[in-house]
Amino acid sequence: MRDKRIKLIYFSLKGSEVKDFALGWKKLILFSSMLLVILTLLIGAGFSLFTDIYENTQVMSLQKVNESLITQLSVMRSSIDQIKSQVSSLEGDDDERRMIAGLQAVGEDMRLTGKGGPEPDYPGDFDLFPKEMRDEVIDTRDLIDQLNSKITLLKQSRKIVSETLTKKDDEVRHLPTIYPVSGGRITSSFGWRIDPFTDQRTQHRGIDIAAPKGTPVYATADGIVVKVIKSHNKKSYGKYIVIEHSYGRKTVYAHLNKITVRNGTHVKRWEKIGEVGDTGRAAGDHLHYEVRVADRHENPTQFFFQ
Ligand SMILES: [Zn+2]
């Protein structure tokens, strides 16, 4: 009969005696199983310990990254706040310039709602963020959007202001705002008067400025000389000039002694165009000066800039 036992040879450390003892199959399987379980547990525990250490290191590293990100976010936020205050200052300047240009100031409501440029796209899942951090990120993002819109609006406004001021400047340069003779005095004003030649009540269509013969006469605004008449008719304006300014305005300078411009000459305000005289229907040396707006005679004194 086959022996179901196996023989194990055991060497004692103490001596070299050989003990011969036998184990049954069942005991061996049980013993091996237990050993396997213990080994598995030990490996498991070791792996778990290693994983724990690894994970702890990872968590600590991520925490440090997080802290650093929060610090960076806070630094960025204060930089953005500085930009915000600079934008506010620019908005103040813009409102001032708009006022000078005669444009309405842009209200804060308009500046906040005035969207400019495409809506920015922010990828990423904010739900993964801790609430505080999420709020901070969303707040900062909204602030950047807001500043973006404000800057776009400022750029648009600057363009409009610039265009308006250029137009205004052009308009002002063509407005007859200066006195055409320096040092003269008004001897006859605009409106109804007794005509010195006929003693009749007639309308005086300009103003008379008395000044010595040869006193320079200046163009009262930028424009083009459209008429140069040198009449010797004693009932006329004598030697006279008509300057056309833009916006339907014309000025007339009559009874001149001398004319120093030609028909078609472009003149600037303060440019000498002639000299005071008494040509035509004049009782003495004086300049008869008229302002016409859309071919209607206007009182020239209302244009003089005080
Ligand atoms: Zn007159």
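Anyway, here's the lowdown on the structure attached to this text. (Residues numbered from 1 in each chain as written. Predicted model: local features only at pLDDT ≥ 70, side-chain atom pairs only at ≥ 80, totals over all residues.)

With respect to the overall build of the chain
When you go through the chain residue by residue, the secondary structure sums to three helices and 14 strands. Looking at the chain residue by residue over its 306 residues, the buried ones come to 18%. Put simply, of all contacts in the chain between residues at least 6 apart along the chain, 63% involve residues at least 24 apart. (Helix = DSSP H or I, 4+ residues; strand = E, 2+ residues; numbered from the N terminus. Buried ≥ 20, exposed ≤ 12 C-beta atoms within 10 Å, placed from the backbone. Contact = placed C-beta atoms within 7 Å.)

Focus on the nonpolar core
Counting 24 residues, the largest nonpolar core has Val217, Tyr240, Ile241, Tyr253, Leu256 and Leu287 as its most contacted members. Looking at this core, the elements with two or more residues in it are strand 6 (207-210), strand 9 (239-244), strand 10 (249-259), strand 12 (272-276) and strand 13 (286-293). Sorting elements by how many residues they give to this core places strand 10 first, with five residues. Not counting residues within four places of it along the chain, the set of residues in contact with Ile241 comprises Val225, Lys227, Val228, Tyr253, Leu256, Ile259, Val261, Ile273 and Gly274. (Core = buried A, V, L, I, M, F, W, Y, C linked by C-beta atoms within 7 Å.)

Considerations on helix 1 (residues 25-100)
If you check helix 1, its first and last C-alpha atoms are 108 Å apart, about what 76 residues at 1.5 Å a residue would give, namely 112 Å. Positive phi shows up at Gly102, right after helix 1, with a value of about 75 degrees. (Expected span 1.5 Å × (residues − 1).)

Points about the environment of Lys230
When you line up the elements, Lys230 lands in strand 8 (residues 223-230). Separated by 29 residues in sequence, Lys230 and Ile259 place their C-alpha atoms 8.6 Å apart. If sequence neighbours within four positions are ignored, Lys230 has contacts with Lys239 and Ile259.

Things to note about unusual backbone geometry
Phi at His255 takes a positive value of approximately 65 degrees, unusual for a residue other than glycine. Non-glycine residue Ala294 carries a positive phi angle of around 50 degrees. Structurally, Ala294 is set in the loop between strand 13 and strand 14 (296-298).

Considering the packing of helix 1 against helix 3 (residues 131-173)
Where helix 1 contacts helix 3, the axes come no closer than 10 Å and their chain directions differ by 25 degrees. In terms of orientation, helix 1 lies roughly parallel with respect to helix 3. Considering the relative orientation of helix 1 and helix 3, their crossing is left-handed. Considered class by class, the residues forming the contact of helix 1 with helix 3 number 14 nonpolar, two polar and nine charged. (Axes fitted to C-alpha atoms, helices over the stretch in contact; angles between N-to-C directions. Parallel < 35°, antiparallel > 145°, perpendicular 65-115°, else oblique. Left-handed = near helix turned anticlockwise from the far one by under 90°. Nonpolar A, V, L, I, M, F, W, Y, C, P; charged D, E, K, R; others polar.)

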